[in-house]
Amino acid sequence: MKIYLDGRFVDDADAKVSVFDHGLLYGDGVFEGIRLYGGNVFRLEEHLERFEYSAKAILLTLPLSRKELVDVTCETCRQNGLTDAYIRLVATRGVGDLGLAPWLCAKPSLFCIASKISLYPKEYYDNGLAIVTVPTRRIGPAALPPTIKSLNYLNNILGKIEAKQFGALEAIMLNEQGYVAECTADNVFIVHKGEILTPSASQGALKGVTRSTIFDIAQEIGVPIREVNMTRYDVWCADECFLTGTGAEVIPVVKLDGREIGAGKPGPITQRVLASFRRRVLVEGTRL
Ligand code: PXG
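Residues numbered from 1 in each chain as written. Predicted model: local features only at pLDDT ≥ 70, side-chain atom pairs only at ≥ 80, totals over all residues. Heavy atoms only, no water.

Here the focus is the pairing of strand S6 (residues 109-115). Counting buried residues along S6, five of its seven residues qualify, which places the element largely inside the surrounding structure. The pairing of strand S1 (residues 2-5) with S6 spans two bridges and is antiparallel. Following the sheet pairing, Tyr-4 is matched in S6 by Cys-112. (Buried < 20%, exposed > 50% of the residue type's maximum accessible area, 1.4 Å probe, protein only. Helix = DSSP H or I, 4+ residues; strand = E, 2+ residues; numbered from the N terminus. Pairing = 2+ DSSP bridges.)

Its identity as a non-glycine residue notwithstanding, Asp-6 has a phi of 45 degrees, on the positive side. Mapping Asp-6 onto the fold places it in the loop between S1 and strand S2 (8-11). Taking the relative accessible area as the measure of exposure, Asp-6 reaches 37% and is therefore partly exposed. In this structure, Arg-43 takes a positive phi of about 45 degrees despite not being glycine. Turning to its location among the elements, Arg-43 is positioned in the loop between strand S4 (40-42) and helix H2 (44-57). Classification of Arg-43 as buried rests on a relative accessible area of 10%.

Note that soluble globular proteins tend to have their nonpolar side chains buried in a common cluster. In terms of nonpolar packing, the biggest core is built from 27 residues, with Phe-51, Leu-62, Ile-87 and Leu-110 touching the most fellow members. Elements with a contribution of two residues or more to this core: strand S3 (29-37), H2, helix H3 (66-79), strand S5 (85-92) and S6. If you tally residues by element for this core, the top one is H3, at five residues. Ignoring any residue separated from it by four or fewer positions in sequence, one finds Leu-62 in contact with Phe-51, Glu-52, Ala-55, Leu-69, Ala-91 and Leu-110. Core analysis: the next-biggest nonpolar cluster, separate from the first, contains 22 residues, Leu-174, Val-180, Val-228 and Ile-251 among them. (Core = buried A, V, L, I, M, F, W, Y, C linked by side-chain atoms within 4.5 Å. Contact = heavy atoms within 4.5 Å.)

Have a look at this one:
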């Protein structure tokens, strides 16, 4: 496997970063998870825009321009002969002495991995997921804005561990006020009285690229969509629920905390959204 690392393509065995890289020492860096579908990098420009904003928010100057980022992303896929893949673009603060100060790091490091991703098994797309609400709250925007896709994922990882302890593959995380923020690696949507509803970024949701695709799909299929402050009550009383993410795509949810949602099976609007999403991934974005 060829990895792009700071200006060169190297074998995965040689793709190494230093133990003094602040991305490793302090989680000081940003990343993107992107998908390649049938030779099409899905919404690459949108991912790169978020990557640039994440970097800007932590005052990290990316070493590559937008055009160079596009080239690196596509070339990493081409070098590995991939047409379907999961792409991980990472920028770290780079190598520096011990100590938090980012100005101790001479230059950022940027690498790109294109590989396979293990999706949820097909049965969950057909029958829906049972998820739980975990006690770990989503970190607040005043502490670390969840809109930054940073290398600090411990908050989400603690949520993921709790989900597993409760026997679920994914979990709803509430914000500090008790409103639904998002899942550990996915955004949350419900359908209620013919409308699609989702928490806003200010409630602790990452501005997901898949999430923004759902807004376009809603328009296409003529279903109203809006951002709301969402409580667990809203999920309990929803007609349908689904999650979105680059890894998960669009996945129906049929149970929360042991309670059935709606009819307890993937709902009709969720199925229309999923069908539209599957059409779009092959055409929206950048051809290799
Ligand atoms: N919330 C969080 C916290 C995420 O990490 C999403 C929402 C969905 O955003 P997108 O842009 O993907 O629609 C994410 C995305 C992984 C993996 O390796 C995680 C994500 C994406 C791809 C892979 O587990 N998280």
